[in-house]
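Residue-level listing of the chains:
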Amino acid sequence: TTLNLRAFNRSDTATSGQLVTATSAVAMDFQDAAGGDNLPAFEASLSANSVGSDDTFQQLPCNTETFDVGGCYNNTGGTVTLNGISTPLYAFAPNVSGKYLITATVQGECGPGNLAEGQLVIKKDGTVIKQCRMVDNDGHARNTQTTYALVSMNGSSNYVQAFYKIDESGGGGW
């Protein structure tokens, strides 16, 4: 296997929205980037700690938007219509079809018992599409979990939501 590294010196610069592209083994040029603006996009978090029952999935009520470009995230506790799409509580329903990288992170903490297991899931249209499971054999009371999913969305009715549960060895709530 041979690896050839070449340095290129250009006096011009790319304009906004262009990438450097190899046009042959010894040449390069600036070309328009594919994919457009990567919108809509959002980030949301909980405004306060959430409380749940032992070993029961609870939707993460992310009601504080850091940003919501395109207005496709429902940060309320009820179904609303966003961009013509009926969007369930705490859900992202993009009005542009495409593939979306969905990330969910949660830090779980037990009540009176010790943490036995934590599960974080991403659901598309109510069906689990990604799951992150953590089993704790050391008796800790806190864990942080992150999961990712690359999701095809149709831009007209699909939505995603995040859910979490903790199973305490003592059987209490969280």
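Think of each chain on its own: its residues are numbered from 1, step by step along the sequence as written. Local features are withheld for residues below a pLDDT of 70 in this predicted model, meaning they are given only at 70 or higher, and side-chain atom pairs are given and counted only at 80 or more; totals for whole chains, interfaces and linings count all residues. To obtain the side-chain values, all non-hydrogen atoms of the structure were used and water was disregarded.

All right, on to the confidence of the model for the chain then. The predicted coordinates ought not to be read in detail in places where the model reports low pLDDT. Scored by pLDDT, the chain comes out at a mean of 79, with 71% of its residues at no less than 70. Per-residue confidence from the predictor is given as pLDDT, running between 0 and 100. Residue contacts follow a heavy-atom distance rule, with two residues in contact if any of their heavy atoms lie within 4.5 Å. Across residues 1–11, where pLDDT falls below 50, the model places eight contacts with residues more than four positions away in sequence or in other chains. In this model residues 22–27 is a low-confidence stretch, pLDDT under 50, and it forms nine contacts with partners more than four residues away in sequence or in other chains.

In this description, an aromatic ring pair is defined by two values, namely the gap between the centres and the angle between the planes. Aromatic contacts are taken between Phe, Tyr and Trp rings whose centres are within 6.5 Å, Trp giving its six-membered ring; a plane angle under 30 degrees counts as stacked, one over 60 as edge-to-face, and the others as tilted. Evaluated as defined, the whole model comprises three aromatic pairs. Note on Phe42 and Tyr73: the rings are 4.5 Å apart at their centroids and 5 degrees apart in plane angle, and the pair reads as stacked. One end of the pair, Phe42, is in strand 3 (residues 41–45); the other, Tyr73, is in strand 6 (residues 73–74), with 31 residues separating them in the sequence. The classification of residues rests on relative accessible area computed with a 1.4 Å probe and restricted to protein chains. Under 20% of the type maximum is buried, over 50% is exposed, and intermediate values are partly exposed. Accessibility expressed as a relative area gives 26% for Phe42, which makes it partly exposed. An aromatic cluster of at least three residues, connected via ring pairs, comprises Phe42, Tyr73, Phe92 and Tyr100. Counting from the N terminus, the helices are the DSSP runs of H or I reaching at least four residues and the strands are the DSSP runs of E reaching at least two.

Here, a strand pair is defined by DSSP locating no fewer than two bridges between the strands. Pairing of strand 11 (residues 115–124) with strand 12 (residues 127–135) involves eight bridges; the strand directions are antiparallel. What sits directly across from Gly118, in strand 12, is Met134. Hairpin geometry of strand 11 and strand 12 is characterised by an intervening segment of two residues between the two adjacent antiparallel strands and by a positive phi of about 50 degrees at Asp125.

It is worth spelling out the nonpolar core at this point. Ranked by internal contacts, the top residues of the largest apolar core, which has 22 residues, are Leu60, Phe92, Ile102, Leu120, Val151, Val160 and Tyr164. If you list the elements that add at least two residues to this core, you get strand 10 (98–109), strand 11, strand 13 (142–153) and strand 14 (160–168). Among all residues touching Val151, those that are not within four sequence positions of it are Gly98, Lys99, Tyr100, Ile102, Lys124, Ile129 and Val160. Grouping buried Ala, Val, Leu, Ile, Met, Phe, Trp, Tyr and Cys residues that are joined through side-chain atoms within 4.5 Å yields what is termed a nonpolar core.

Moving on: unusual backbone geometry. One non-glycine residue, Asn83, lies in the positive phi region at around 55 degrees. Its relative accessible area of 42% is what places Asn83 among the partly exposed residues. Backbone geometry at Tyr90 places phi at a positive 45 degrees, although glycine is not the residue there. Tracing the sequence through the fold places Tyr90 in the loop between strand 8 (85–87) and strand 9 (91–92).

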